[in-house]
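# Examining the three-dimensional arrangement
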Amino acid sequence: MKYNRRYNKDKSKNITRARSIILFIIIVAFVVVASAFMAFKFSSEKQQTVQALEVNKGTTSDSNDKGVSSQTSDKEKTVSTDMNPSSLENDPVAEDVTFMEKYLEQQMKGQKPDGADGKKVVYLTFDDGPSETVTPKILDTLKAENVHATFFLVGKAINESETNKNLVRREAAEGNAIGNHTYSHNYNNLYPKNIINVENCMAEFEKTNQALKSVLGENFSTRAIRFPGGHMTWRNKDPKGMEAMDKALKDKDYHQVDWNALSKDAEGAPKNAAQLKQEVINTVGTREKVVILMHDTYGKEETAKALPEVIKYLRDQGYEFKTLK
């Protein structure tokens, strides 16, 4: 009997010990599996983070010393190549260029423009760009002031550097309008002996249009054009030539737009920012619809300096800012 009790007692201890061992093994196995899973998850997340950093490093461009991105992210490329900046749809600040073309024509003839409605609207326009020195400053101010402008670009300047091409992309991506200002801006080619050469002018407009498409995508188009020196100037100098020119433009659905106010940053002696602002004030006067001519090419740093004060003045006078498309 004693033997049996002892035997049973030993057997019970063995069973308890076996159960403890099995439980221990299960716990160890669980810990090992859990540790392996966590290690795998951490490794995976770390790899994804590294990949994300690499992607960002490759697609997010740092500003160069001229304030312009030297690279363009995939998102920016989509914006700049797939959008059509000439579209008036879903753009609350865009004005149809045909409206101002007719408005200025009637105003110049001393007629009351059809679009006169009592609302004060201003269209800031910049010619002859882009430039690596002035255009970035203009764009910085426009962005800071939440104002948009229309840039009449020279094709040769666009193709001058990759920085300039990025500036064109930035102009469009930030909601500004793009116009065509010929390819060379060379009067000897466009107006030899003060006579309008229709074939040369049209060839230059088309060449600039192709330059714009190469930067902004094949879907890009602009109907807004501006003649170097101005349409009104050359119509007075060569009426018959401009009549032929107007017909050629109409056939291509191009619409020219001059200006009825200016900073005179390309007329007379060089002016400082304060003087440029005063010229704007003088030429704007009490006009209801105002197209202001300024320039963002090289040497126009004072124009960039004047722009914040020009915008402030126009706002204080109750003008709404729009673009021409």
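In this report, the structure presented in the accompanying data block is examined. (Residues numbered from 1 in each chain as written. Predicted model: local features only at pLDDT ≥ 70, side-chain atom pairs only at ≥ 80, totals over all residues. Heavy atoms only, no water.)

Turning next to the packing of helix H4 (residues 135-145) against helix H12 (residues 301-316). Their axes nearest at 9 Å, the elements H4 and H12 cross at an angle of 20°. The angle between H4 and H12 places the two elements in the roughly parallel class. The two elements H4 and H12 cross, and the hand of that crossing is right-handed. On H12, the residues touching Lys-137, Ile-138, Thr-141, Leu-142 and Glu-145 of H4 are Glu-301, Thr-303, Ala-304, Leu-307, Pro-308, Ile-311 and Arg-315. Residue composition of the contact of H4 with H12, grouped by class: 6 nonpolar, 2 polar and 4 charged. (Axes fitted to C-alpha atoms, helices over the stretch in contact; angles between N-to-C directions. Helix = DSSP H or I, 4+ residues; strand = E, 2+ residues; numbered from the N terminus. Parallel < 35°, antiparallel > 145°, perpendicular 65-115°, else oblique. Left-handed = near helix turned anticlockwise from the far one by under 90°. Contact = heavy atoms within 4.5 Å. Nonpolar A, V, L, I, M, F, W, Y, C, P; charged D, E, K, R; others polar.)

Time to look at the packing of aromatic side chains. The geometry of an aromatic ring pair is captured by two quantities: the separation of the ring centres and the angle between the planes. What the rule picks out here adds up to 7 aromatic pairs. Measuring from ring centre to ring centre gives 5.9 Å for Phe-99 and Tyr-103, while their planes differ by 40°; the resulting arrangement is tilted. Of this pair, Phe-99 and Tyr-103 both sit in helix H3 (residues 97-108), 4 residues apart, which is roughly one turn of the helix. Residue Phe-99 is classed as partly exposed on the basis of its relative accessible area of 25%. (Phe/Tyr/Trp six-rings, centres within 6.5 Å; stacked < 30°, edge-to-face > 60°. Buried < 20%, exposed > 50% of the residue type's maximum accessible area, 1.4 Å probe, protein only.)

With an omega dihedral of 5°, the bond running from Gly-129 to Pro-130 counts as a cis peptide bond. Here Pro-130 is to be found in the loop between strand S2 (121-129) and H4. For Asn-194, which is not a glycine, the phi torsion comes out positive at approximately 60°. You can see Asn-194 is positioned in the loop between helix H7 (187-190) and helix H8 (198-216). On the basis of relative accessibility, which here comes to 44%, the residue Asn-194 falls in the partly exposed class. With phi around 60°, Asp-253 is a residue other than glycine that occupies positive phi space. Relative to the helices and strands, Asp-253 resides in the loop between helix H10 (239-251) and strand S6 (255-256).

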